[in-house]
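What follows is each chain in one-letter form.
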Amino acid sequence: MSVVESINREPALTLVDHRSEAEAGIEWCFMHHNPAPAYRPCFSEQLLVDLRECQRQIANRIANDANHPGNEVRHLVLASHSDVFNLGGDLELFSRLIRTGDRARLLAYAQLCVSVAFHFARLADDRVHSIAVVQGEALGGGFEAALCCHTIIAEEGSGMGFPEVLFDLFPGMGAYTFLSRRVTPAQAERMMLDGNVYSAEELHRMGVVDFLVPRGEGLSAARELVRRRKRMGNALRSMNTVRMTCNPVSLDELMRVTTTWVDAAMRLGDRGLQTMERLVRAQKRRVAGAAALRQVV
């Protein structure tokens, strides 16, 4: 490999499977790619780093694509290779950092989360329309990741919610900012604090989920949606601008909210941390059970 090729080579992604379909105008972004044994499908630091790098690669590609018409948008589809969309923040990391008093690292993690969320909402300014395809559960930060996308497609039987209240925290990586743009602020607060997991069917009736599709058809529904909107590029790009004019999302707002979340997390007592750690053990048992089932099948 030449020096120039080495310099221009994009960093490899570890836990994200990024596939680009230039002709269709789709950037596929699959979380939880090629995981190690006992992998928990949550927002680990590595997954967040990979997602942010994937966003940078897509933005650079659009900026440098001389053949990309100015009146078109690229569609970024966020999905998962796991049997769930995402279980949320890395609770095992949270409990360790809180117990050791490492506020700086917890803040860095939270800021990376909201940076990823912000760029799903504002990637390449108005030239990307993001679509979340929720298959299985999207909990905590997983729900936030879906909410920060412009369109949510959910498969029947999937569920979304915020379990943070179980260990006396609140979802602080964009939940209020993005959910209050789909329901009233009062309803958003209730959903953030009731600890319920809502079915995709209920969220569709509430207007949180845009499209409800049969189980197993989420990805094909995303492709069909992009196909139908192929001739609407200028309108979609304009609507991205209108949305941000009327209901702006700022990175500064997200950062200030997540700093409040870090302060709240650092105040957690032993009872809240023990609940958090019980949830981690439950996640690990679930992963082990799914692995055993795959071996039997």
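Residues numbered from 1 in each chain as written. Predicted model: local features only at pLDDT ≥ 70, side-chain atom pairs only at ≥ 80, totals over all residues. Heavy atoms only, no water.

Explain the nonpolar core to me, and be specific about the residues and the numbers.
If you look at the biggest cluster of nonpolar residues, it comprises 72 residues, and the most contacted ones within it are Leu51, Leu78, Phe85, Met160, Trp261 and Met276. Ranked by the residues each element gives to this core, the list is headed by helix H4 (residues 103–122), at eleven residues. Counting 13 residues, the second-largest nonpolar core is a separate cluster that includes Val77, Ala79, Ile131 and Leu225. (Core = buried A, V, L, I, M, F, W, Y, C linked by side-chain atoms within 4.5 Å. Buried < 20%, exposed > 50% of the residue type's maximum accessible area, 1.4 Å probe, protein only. Helix = DSSP H or I, 4+ residues; strand = E, 2+ residues; numbered from the N terminus.)

Summarise the side chain of His150; cite the residues concerned and give the values.
Structurally, the position occupied by His150 is in the loop between helix H5 (141–147) and strand S6 (151–155). Separated by 3.0 Å, the side chain of His150 and the backbone nitrogen of Ser130 make a polar contact. When near neighbours in sequence (up to four residues on either side) are disregarded, His150 contacts Phe120, Ala121, Val128, His129, Ser130, Arg182, Asp210, Asn240 and Arg243. (Polar contact = N/O pair within 3.5 Å; in protein donor to acceptor, adjacent residues only side chain to side chain. Contact = heavy atoms within 4.5 Å.)

Pulling in residues and values, what's your account of the sheet that holds strand S7 (residues 159–161)?
Pairing is mixed in the open sheet, where three strands are placed in the order S5-S7-S8. Here the strands that pair on one side only, and so sit at the sheet edges, are strand S5 (137–139) and strand S8 (197–199). Taken over all neighbouring pairs, the strand axes of this sheet differ in orientation by 20° on average, direction set aside. Taken together, the three bridges between S7 and S8 define a ladder with antiparallel strand orientation. Residue Gly159 lies in a different strand from S8, and its bridge partner there is Ser199. (Pairing = 2+ DSSP bridges. Axes fitted to C-alpha atoms, helices over the stretch in contact; angles between N-to-C directions.)

Which residues make up the sheet that holds strand S1 (residues 16–21), and what values do they have?
Pairing is mixed across the open sheet formed by six strands, whose spatial order is S1-S2-S3-S4-S6-S9. Looking at the sheet topology across the chains shown, the edges are occupied by S1 and strand S9 (211–213). The average undirected angle you get between the axes of adjacent strands in this sheet is 20°. Pairing of strand S2 (residues 26–31) with strand S3 (residues 74–80) involves six bridges; the strand directions are parallel. By the bridge assignment, Glu27 is partnered in S3 with Leu76. Strand contacts of helix H9 (residues 218–228): S1, S2, S3, strand S4 (128–134), S6 and S9, with the helix running at about 145° to S6, the strand carrying the most contacts.

Give a detailed account of the pairing of S6, specifying residues and quantitative values.
Counting buried positions along S6 yields five of five residues, so the element is predominantly enclosed. Every second residue of S6 is oriented toward a common face, with Thr151, Ile153 and Glu155 on one face and Ile152 and Ala154 on the other, all of them buried. Note: S4 against S6, four bridges, orientation parallel. Paired with Val133 across the strands is Ile153, a residue of S6. Sheet topology places S6 next to S9; three bridges connect them, and they run parallel. Note that in S9 the partner of Glu155 across the bridge is Val213.

Can you lay out the environment of Ala63 for me, pointing to particular residues and giving the numbers?
Of note, Ala63 is situated in helix H2 (residues 45–64). When its relative accessible area of 61% is taken as the criterion, Ala63 is described as exposed. For the pair Ala63 and Ala124, spaced 61 residues apart in the sequence, the C-alpha separation amounts to 7.9 Å.

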